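# Overview (structure and organization)
One-letter residues, chain by chain:
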Amino acid sequence: MLVCLTTQSLKNALIKKRKNHSIGFIPTMGALHEGHLSLIKEAEKANDIVVVSIFVNPTQFDNKEDLKKYPRTLTQDKKLLEQVKCDFVFAPSANDIYKNNIHSSKFTFGGLEHAMEGKFRDGHFDGVGTIVKRLFEIVEPTNAYFGEKDFQQLQIIKKLVASFKIPTNIVGCEIYREEDGLAMSSRNTRLTKTHRAAAPFIYKTLQEAKIRFETESASRVDTWVHEQFEKHVSLDLEYFEIANTNTLKTISRKRKGSKYRGFIAAFAGKIRLIDNIALN
Ligand code: AMP
């Protein structure tokens, strides 16, 4: 496994391999966990070479404290990556990636960017679009792997490659969970004991919402979810949305033949957690 700390060193290393080899790419912000490793394992199955990037992208954070406190564990991450088939780790600095101009470009993603995370995290998807486009220009992957944990991001990346005609196939991967159902996340390590114990409530509520969605209207399920969080002492709901899987538009009424997902963002103290589920 080769660790590249600059864009130029990664490009130099890949140039020799690129010919006749498929490249599977997994962009991450590090503090790696089993969820990330599940994406890497998917990439191993279908590609000759696996590249993992570790970069805490400053332009996608709307909250300075979240950026400052985001866990950075490169030494431990490298050890984990040695245990799977990872050929190249790309861990650049912000100045290298942004060429000393740390700003995001403006993007439109056909309206996908206005819902949920876009509404509550100002500029977030401009930051995501900027970094993913840049990383794709550097790595030129055959396939790139993204988790359904960030379902809105996954849909936006699909739109990004279509809009810019980027010849990379985007593969969505299932959410990897702790035994108690909590979606794995680098931010989970920052939860207090009490909040960690409370956090599986998010997925439990999504599961119950899915069962209710079979027989109840979208608005009744929505009300029920809000009531559950109002009663909860240590979790604060930021949003619950039932949205069309493709358009991510909030629905007021179910339509036959359409696919829907339920999305939650909630605060456990200062830590913001997100999760989602396919409702039908
Ligand atoms: P992050 O390091 O949080 O930016 O995540 C890097 C990639 O891993 C993104 O595509 C995430 O959606 C994905 N990911 C993070 N957590 C999980 C999880 N629990 N299950 C599946 N994919 C995940």
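What counts as what
- Residues numbered from 1 in each chain as written.
- Predicted model: local features only at pLDDT ≥ 70, side-chain atom pairs only at ≥ 80, totals over all residues.
- Heavy atoms only, no water.
- Axes fitted to C-alpha atoms, helices over the stretch in contact; angles between N-to-C directions.
- Helix = DSSP H or I, 4+ residues; strand = E, 2+ residues; numbered from the N terminus.
- Parallel < 35°, antiparallel > 145°, perpendicular 65-115°, else oblique.
- Left-handed = near helix turned anticlockwise from the far one by under 90°.
- Contact = heavy atoms within 4.5 Å.
- Nonpolar A, V, L, I, M, F, W, Y, C, P; charged D, E, K, R; others polar.
- Salt bridge = Lys/Arg side-chain N within 4 Å of Asp/Glu carboxyl O.
- Buried < 20%, exposed > 50% of the residue type's maximum accessible area, 1.4 Å probe, protein only.

## Details of the packing of helix 7 (residues 124–139) against helix 8 (residues 151–163)
When two helices pack together, their arrangement is captured by the angle between the axes and the distance separating the axes. The N-to-C vectors of helix 7 and helix 8 enclose an angle of 55°; their axes lie 11 Å apart at closest approach. In terms of their interaxial angle, helix 7 and helix 8 are classed as oblique. Crossing of helix 7 over helix 8 shows right-handed handedness. Taking contact as the criterion, the partners of Phe125, Val128, Gly129, Val132, Lys133 and Phe136 in helix 7 are, on helix 8, Gln152, Gln153, Ile156, Ile157, Leu160 and Val161. Here the residues of the contact of helix 7 with helix 8 are counted per class, giving eight nonpolar, three polar and one charged.

## Here we look at the pattern of salt bridges
Scanning the model with the defined rule gives 19 salt bridges in all. One salt bridge connects Glu65 with Lys69, and the closest N-O pair in it is separated by 3.0 Å. Placement of the pair is Glu65 and Lys69 together in helix 3 (residues 64–69), with a separation of four residues, close to one helical turn. Under the relative-accessibility criterion, Glu65 is labelled partly exposed at 33%. Its relative accessible area of 42% is what places Lys69 among the partly exposed residues. A single salt-bridge network, built from bridges that share partners, covers Asp62, Glu117, Arg121, Glu238 and Arg272.

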